[in-house]
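These are the residues of each chain, in order.
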Amino acid sequence: MSDSRKAELERKKAKLQAIREEKERRKREKEAKDAEDVSSRSIKTEKDLRAETEEMLADLGILPHGELLSSLPSTNSDLSITTTDSFFQSSSISSTKFLPKKRVTSLSVVNVQQTNIPPKEQVTYNKQTQTASTANEREVLVYDDIAGDDDETSLPTLNTSPPTLSSKMTGMPHVEMVKPALTNVEVAGIKLEEKQPEPLELSEEEKHRIVVSPNFQRFFERSSRVIERALYEDCNIFIDYGGVDGEEKEGDDKSGIKLSLNRYFYDEHWSKNRTVTCFDWSTLYPELLVASYDHSEDSPHDPEGVALVWNTKFKKTTPEYIFHCQSPIMSTTFAKFHPSLIIGGTYSGQIVLWDNRSNKRTPIQRSPLSSNAHTHPIYCVTVVGTQNAHNIVSISTDGKLCTWSLDMLSQPQDTMELQHKQAKAVAVTSMTFPSGDVNNFVVGSEEGMVYAACRHGSKAGVTDFFEGHQGPITSVDTHCAHGQFNFSHLFLTSSFDWTVKLWSLKESKPLYSFEDYGDYVYDVRWSPTHPALFATVDGSGRLDIWNLNNDTEAPTASVCIKGNPALNRVSWSQSGHQVIAGDNMGKIWVYDVGEQLANPKIDDWSKLVHTIQEIGRASCRERV
């Protein structure tokens, strides 16, 4: 069995070997046959080309190579040199007139030298605008082939004139307008434009429906505000910081101790002939200022109370937001931990709340007019506390202090009546909290008295009083600058008695009285950065900046507003480099404070300690 198996394997191996040999033989035969075809094809091609060439020469009257050599003379002296033109003329005889029986024209061997001379470029201009044919075309340098389109015109005949040289014949470079290649994105965009349908025409009713829709109103209000900011910017985009433009120009120096007018805010419709009643700055956006206004007798049909939010960063002359209500607004403030909310205290005794995220100009919340809340004008409203625990504190002229929650203005969380020694209620005109304190506060009254009070504890209510003014107190402000020493016990008051007084919570009598005034002093405010600096405004239109470390008899810087309007309110920017004043005509004046005046020096804190000590000793001597 195994022998038969081996014999069968041997037979298969022999058969496979025979198949391989047959394949090799066929492969060799095919390669030999291909080589013969290639050689025969090349020989045939050469012969065909030679025969075709001789036939073409015969048609032109030129003898073949063998006959030409037999017709040449035997000596070299018979050779003559002719020009290229004579060669072309003698060899350009028409085939139709060639007679083979006639005597053949003698030919000569010549040397041919070809020279290409480019034509003189002619440039012409016209008075028309020279523009490209299309915006998408551009100039490209291209080269053309020397040979023509047809081989029959490669040699001139006797009946044709010599061709003129051009870029097409000589292969010289020339400029052509070529459209650039388009990318896939551009091709898709062109196709999309071609497929876009014509815009749909809207009816007047549909247009009106879109215009009054809330989404369009929000879009239009925000877009118009952005465009208005951009239009009012007057920055010099051509300034050269390396040249004279970058040099400091004379008169632009703001590093001194002067007050320079930067701008003023005024709206012909909303603030004209309205008295500015209160200011406040946004803690999140330091450039935003909210101002409240009293009613206007010239606009009986407009809302009586107006609150405008101005932007000191951009040069636009219109307010960022406009809010109003039906009662004059006597006080206003930003919600410290809710930058989009603005709180107002009205003459009718209501607390109102606006939201700049809403399209409404009227309050989104308001407190009720009831005996549980205020029923008299609210001249003071502020937000005290921290991010997680804060409240609105308001006080009215009947001495009622209310504590509110922003989430619920339907009723106050807490109320308190301010009374001094169980006598009549304190008619409060102004209020301030010492820096970092949420319980103790100071108020000024119509009778000229200053009271210290607290909100909570066993001694809630009036805790102390300060007597010194001879008229109603218009403003009270505690020291707010933070530094090496704590001056939070100091506060300033202004009054109708033409004076400003400096007080300490530790003393019942004023430390000093500033009497350089000739009219009612309506407001006084400490600088938020400089320990010894404060600003005052009066009824004659005068804005004064005092520095206790320099002089206590006269202001360090002073300016009178044009037209001498009565200035009702004054406030500092958070940086301390600007001071603003509001008048009784509805204008808000913005002044830049010189750096030497606004920026505190290192020793100003210690100087103020010595100044207070000197003032205290002087007041003691006067009492004695």
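Quick notes on the pairing of strand 17 (residues 440-445)
- Judged by how many residues are buried, strand 17 sits mostly within the fold: 5 of 6 residues are covered.
- Summarising the sheet, strand 17 and strand 18 (residues 449-454) pair through 5 bridges and their orientation is antiparallel. Looking at strand 18, one finds that Gly-444 is bridged to Val-450.

Description of the confidence of the model for the chain
- Summing up the model confidence of the chain, the mean pLDDT is 80 and the portion of residues at 70 or higher is 77%.
- This stretch, residues 74-100, has a pLDDT under 50; its non-local contacts, to residues over four places away or in other chains, come to 17 contacts.
- Contacts from residues 146-169, a stretch scored under 50 in pLDDT, to residues over four places away or in other chains number 21 contacts.

Digging into the pattern of salt bridges
- Under the definition given, this model contains 14 salt bridges.
- With its nearest N and O atoms 3.8 Å apart, the salt bridge here joins Glu-8 to Lys-12. Placement of the pair is Glu-8 and Lys-12 together in helix 1 (residues 2-59), with a separation of 4 residues, close to one helical turn.
- On the basis of relative accessibility, which here comes to 30%, the residue Glu-8 falls in the partly exposed class.
- For Lys-12, a relative accessible area of 46% corresponds to the partly exposed category.
- For Glu-22, the salt bridge identified is with Arg-26, shortest N-O distance 3.2 Å. Pair noted here: Glu-22 and Arg-26 are both in helix 1, with a separation of 4 residues, about one helical turn.
- Among the charged side chains, a network of salt bridges with common partners joins Glu-22, Arg-25, Arg-26 and Glu-29.

Considering the sheet that holds strand 6 (residues 305-311)
- Read from one edge to the other, the open sheet built from 4 strands follows the order 4-5-6-7, with strand pairing classed as antiparallel. At either end of the open sheet lies a strand with only one pairing partner, and these are strand 4 (276-281) and strand 7 (321-325). Taken over all neighbouring pairs, the strand axes of this sheet differ in orientation by 20 degrees on average, direction set aside.
- Here 5 bridges tie strand 4 to strand 5 (residues 288-293), and the two strands are oriented antiparallel to one another. Residue pairing in the sheet places Trp-281 in a bridge with Leu-289 of strand 5.

Concerning the side chain of Arg-263
- Here Arg-263 lies in strand 3 (residues 259-265).
- Take Arg-263: its relative accessible area is 12%, and that puts it in the buried class.
- Polar side-chain contacts of Arg-263 include one of 2.7 Å to the backbone oxygen of Lys-316.
- Apart from residues lying up to four places away in sequence, Arg-263 is in contact with Asn-311, Thr-312, Phe-314, Lys-315, Lys-316, Ile-588, Trp-589 and Val-590.

Details of the packing of aromatic side chains
- Within this structure, the stated rule accounts for 21 aromatic pairs.
- Consider the rings of Tyr-321 and Phe-323, whose centres lie 6.2 Å apart with planes at 15 degrees: the pair is stacked.
- Assessed through its relative accessible area of 2%, Phe-323 is described here as buried.
- Here the aromatic rings of Phe-496 and Tyr-520 are separated by 4.5 Å at their centres, their planes lie at 20 degrees, and the arrangement is stacked. Taken together, the residues span a long stretch of sequence, with Phe-496 in the loop between strand 21 (490-495) and strand 22 (500-504) and Tyr-520 in the loop between strand 23 (512-514) and strand 24 (521-526) at a distance of 24 residues.

Regarding unusual backbone geometry
- Within the chain, Asn-273 stands out as a residue other than glycine whose phi angle is a positive 60 degrees.
- Residue placement: Asn-273 occurs in the loop between strand 3 and strand 4.
- One non-glycine residue, Trp-498, lies in positive phi territory at about 70 degrees.

Overview of the state of the cysteines
- Under the defined criterion, the tally for this structure stands at 0 disulfides.
- As a non-bridged cysteine, Cys-278 has Cys-380 as the owner of its nearest cysteine sulfur, 8.4 Å distant.
- Residue Cys-278 is classed as buried on the basis of its relative accessible area, which comes to 16%.

Cut-offs applied
Residues numbered from 1 in each chain as written. Predicted model: local features only at pLDDT ≥ 70, side-chain atom pairs only at ≥ 80, totals over all residues. Heavy atoms only, no water. Buried < 20%, exposed > 50% of the residue type's maximum accessible area, 1.4 Å probe, protein only. Helix = DSSP H or I, 4+ residues; strand = E, 2+ residues; numbered from the N terminus. Pairing = 2+ DSSP bridges. pLDDT = per-residue confidence, 0-100. Contact = heavy atoms within 4.5 Å. Salt bridge = Lys/Arg side-chain N within 4 Å of Asp/Glu carboxyl O. Axes fitted to C-alpha atoms, helices over the stretch in contact; angles between N-to-C directions. Polar contact = N/O pair within 3.5 Å; in protein donor to acceptor, adjacent residues only side chain to side chain. Phe/Tyr/Trp six-rings, centres within 6.5 Å; stacked < 30°, edge-to-face > 60°. Disulfide = S-S within 2.5 Å.

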